[in-house]
Amino acid sequence: MKNKISFYSKSVLAKRSKKTLAYVLDLVIMLIILALFFAFCELISNNSTSVKNNKNYANEKQNELFEIVYESKLDESNNLGGLKGKEAIARENIYSFTYEALKYYQFDNISLKTYQGVVPINIENDNSYYYFVTYKSNNLSKFNKQENYGLDYYSKILFKEIDKNYFVLRNDFYYLTKETAINLDQYLRGENTENAKKTYDLFYDGLISIMNLGINDFTSTYIPYLDTNAEFEKTTNFLLNVKIYSLFASYSASLIVTFLIIPLILKDGRSISFKVLNLAFCTTKGEKLDWYNYLIKLIFNYVEFFFLIPIICLIFFSTDALTLFNIVIFGFTNLLTLGFFSLLLLLFSFIYSFVNKNHQTFAEFLSYIICKDGSLFNMNKEEKKDVRRN
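Residues numbered from 1 in each chain as written. Predicted model: local features only at pLDDT ≥ 70, side-chain atom pairs only at ≥ 80, totals over all residues. Heavy atoms only, no water.

S.K.: Just to check I follow, could you spell out the overall build of the chain for this structure?
M.R.: Secondary structure summary: the chain contains 15 helices and seven strands in total. A compact globule built from 390 residues should have a C-alpha radius of gyration of about 21 Å, whereas the chain, at 33 Å, is more than 25% larger. Buried residues in the chain amount to 46% of all 390 residues. Put simply, of all contacts in the chain between residues at least 6 apart along the chain, 71% involve residues at least 24 apart. (Helix = DSSP H or I, 4+ residues; strand = E, 2+ residues; numbered from the N terminus. Rg over C-alpha atoms; globule rule 2.2 N^0.38 Å. Buried < 20%, exposed > 50% of the residue type's maximum accessible area, 1.4 Å probe, protein only. Contact = heavy atoms within 4.5 Å.)

Quick look at the structure:
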């Protein structure tokens, strides 16, 4: 019967610091392999007919969504072709409100620099007024809830969010009072008096709140938007799932190469880093590793090193990786949470190795293996020869 005693059975235990260094180097190697595998998967998937068609369809639906939103005037196009955002619109509206009032009350010292390119506010360019009073009233049949619209409703939410003393009603539209205009003008021209800043902050916050009400109403009740958005999300979810599958496939392949295939080739459970640092594994009984030792360690390593996936997402997608991080995995969690959990597990695993008498990590303990230093033996020359022969 073949002798199962490991050549390293009588080697001394590897120093914790040396073994930790080996694992760190292995993680760097695995990260590089993972990046190469994922780049290959991205190249294949991005050139597939299915992904190309879904990308084109998603772009079409996104453009349709933009057009629908533009029609409602709840948002506008920016210089990059995207949405301007409620914050930018609120600031522009304040300039427009103030400029209109200054002209109406016939101020002589209106700052041309401050109001350069500003269009006076009216029923068409006051975004929230237009949505609630004009747009929704004219498209009521396209909403699944035919409520919360018209001048009365707009007046109600306007005075709930902003002091009614800021406004005066002229021709069914709320313009600024003279005093409010003076305070806002002072702030916009850099004269940040206490009263001017207070007026600006209250007015700005109120406009944001009213726009939020409009956006929430629109995105939850306007049928054309809901239908188009459902198609857009369905398509983008398909594309995101393709990336998730590529990530998991690349991660699994890189883990198998780094911690199974290479150790099987180099013998005694040694990865590249462990080979370079002259470290090796044997079982707790001093025997050579069997298939189940490799398998148990590989399964636990799969959980421990999962944090490499979020790192790869950041490397390839930068801030866009946040979208991938929020995708629900296994029905109850997401990539970022799993990555954080795996990093904590890995940290505790190495802490455990510093208190374990055999210097074992969790994965080594569960797979019944210990790491030995191949350069230091507790046996004589004859014993070494016998072990090598066997």
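Moving on from the model shown.
S.K.: Would you explain the nonpolar core in this entry?
M.R.: For soluble globular proteins, the rule of thumb is that nonpolar side chains tend to be buried together. Ranked by internal contacts, the top residues of the largest apolar core, which has 48 residues, are Ile-94, Tyr-154, Ile-162, Phe-167, Phe-203 and Phe-218. Among the elements of the structure, helix H2 (49–72), helix H3 (86–104), helix H4 (127–138), helix H5 (150–161), strand E3 (173–176), helix H6 (178–188), helix H7 (194–221) and helix H8 (223–266) are those that each provide at least two residues to this core. With sequence-adjacent residues up to four places away left out, Phe-167 is seen in contact with Phe-97, Leu-158, Phe-159, Ile-162, Tyr-174, Tyr-175, Leu-176, Thr-177 and Phe-203. With 40 residues, the next largest nonpolar core counts Phe-317, Leu-335, Ile-369 and Cys-371 among its residues. (Core = buried A, V, L, I, M, F, W, Y, C linked by side-chain atoms within 4.5 Å.)

S.K.: Would you take a moment to explain the packing of aromatic side chains for this structure?
M.R.: To describe a pair of aromatic rings, one takes the distance between the centres and the angle between the planes. Considering all chains together, one arrives at 42 aromatic pairs under this definition. Note on Tyr-23 and Phe-274: the rings are 5.1 Å apart at their centroids and 80° apart in plane angle, and the pair reads as edge-to-face. A residue pair is termed long-range when its members are at least 10 positions apart, and Tyr-23 in helix H1 (residues 16–46) and Phe-274 in helix H9 (residues 272–276) qualify at 251 residues. Here Tyr-23 matches Phe-274 in class, with each residue buried. Here the aromatic rings of Tyr-130 and Tyr-135 are separated by 6.4 Å at their centres, their planes lie at 35°, and the arrangement is tilted. On the basis of relative accessible area, Tyr-135 is assigned to the buried category, the value being 5%. Site record: aromatic cluster; members linked through ring pairs are Phe-97, Tyr-129, Tyr-154, Phe-159, Tyr-166, Phe-167, Phe-173, Tyr-174, Tyr-175 and Phe-203. When the ring centre of Tyr-130 is taken as origin, the NZ or CZ atom of Lys-73, which lies over that ring, is 4.3 Å away. Over the ring of Phe-159 we find Lys-164, and its NZ or CZ is 5.4 Å from the ring centre. (Phe/Tyr/Trp six-rings, centres within 6.5 Å; stacked < 30°, edge-to-face > 60°. Lys NZ or Arg CZ within 6 Å of the ring centre and 35° of its normal.)

S.K.: What is the right way to look at the environment of Glu-147 in this model?
M.R.: Following the sequence through the fold, Glu-147 ends up in the loop between H4 and H5. The partly exposed category is assigned to Glu-147, whose relative accessible area is 41%. Measuring from C-alpha to C-alpha, the distance between Glu-147 and Lys-357 comes to 71 Å, with 210 residues separating the pair along the chain.

S.K.: I tried to follow the packing of H5 against H7 on my own but got confused; where do I start?
M.R.: For any two helices packed against each other, one specifies the inter-axial angle together with the distance between the axes. At a closest axis distance of 9 Å, the pairing of H5 and H7 adopts a crossing angle of 140°. When the interaxial angle is binned, H5 and H7 end up oblique. As for the relative orientation of H5 and H7, their crossing is right-handed in sense. Residue-level inspection shows Tyr-154, Ile-157, Leu-158 and Glu-161 of H5 in contact with H7, the latter providing Gly-206, Ser-209, Ile-210 and Leu-213. For the contact of H5 with H7, the residue count by class is five nonpolar, two polar and one charged. (Axes fitted to C-alpha atoms, helices over the stretch in contact; angles between N-to-C directions. Parallel < 35°, antiparallel > 145°, perpendicular 65-115°, else oblique. Left-handed = near helix turned anticlockwise from the far one by under 90°. Nonpolar A, V, L, I, M, F, W, Y, C, P; charged D, E, K, R; others polar.)

S.K.: Any chance you could explain the environment of Ser-209 here in plain terms?
M.R.: On the secondary structure map, Ser-209 appears in helix H7. In this structure, the C-alpha to C-alpha distance between Ser-209 and Ile-157, residues 52 residues apart in sequence, is 9.2 Å.

S.K.: Which parts of the structure should I look at to understand the pairing of strand E2 (residues 167–170)?
M.R.: In regular strands, side chains alternate between the two faces of the sheet. Where E2 lies against E3, four bridges are found, and the strand directions are antiparallel. Paired with Val-168 across the bridge in E3 is Tyr-175. (Pairing = 2+ DSSP bridges.)

S.K.: Can you walk me through a nonpolar patch on the surface in this structure?
M.R.: Residues Phe-340, Leu-344, Leu-347, Phe-348 and Ile-351 make up a contiguous nonpolar surface patch of roughly 500 Å² in combined accessible area. Of note, Ile-351 is situated in helix H13 (residues 335–353). According to the relative accessible area criterion, Ile-351 is partly exposed, its value standing at 45%. (Patch = residues over 30% accessible without salt bridge, like charges linked within 9 Å, V, L, I, M, F, W, Y side chains within 5 Å. Areas by Shrake-Rupley, 256 points an atom, 1.4 Å probe, with all protein chains shown as cover. Salt bridge = Lys/Arg side-chain N within 4 Å of Asp/Glu carboxyl O.)

S.K.: Is there a simple way to think about H8 in this case?
M.R.: An α-helix turns once every 3.6 residues. As a result, residues three or four positions apart point the same way. With 44 residues, H8 extends 62 Å from end C-alpha to end C-alpha; this agrees with the ideal 64 Å at 1.5 Å per step. At Val-257, H8 shows its largest bend, some 40°. Of the residues flanking the end of H8, it is Lys-267, one or two places downstream, whose phi is positive at about 70°. (Expected span 1.5 Å × (residues − 1). Bend = angle between axes of the 7 residues up to and from the residue.)

S.K.: Explain the pattern of salt bridges here, please?
M.R.: Side chains that differ in charge, positive against negative, can pair when their charged atoms come close. Taken as a whole and assessed by the stated rule, the structure comprises twelve salt bridges. Where Lys-19 meets Glu-364, a salt bridge forms, and the shortest distance between an N and an O atom there is 2.8 Å. With Lys-19 in helix H1 and Glu-364 in helix H14 (residues 362–366), this pair connects stretches of sequence that are 345 residues apart. Residue Glu-64 pairs with Lys-61 through a salt bridge whose shortest N-O separation is 3.4 Å. Remark: Lys-61 and Glu-64 occur in helix H2; sequence separation between them is three residues, near one turn of the helix. Within the structure, one salt-bridge network assembled from shared partners comprises Glu-76, Lys-84 and Glu-92.

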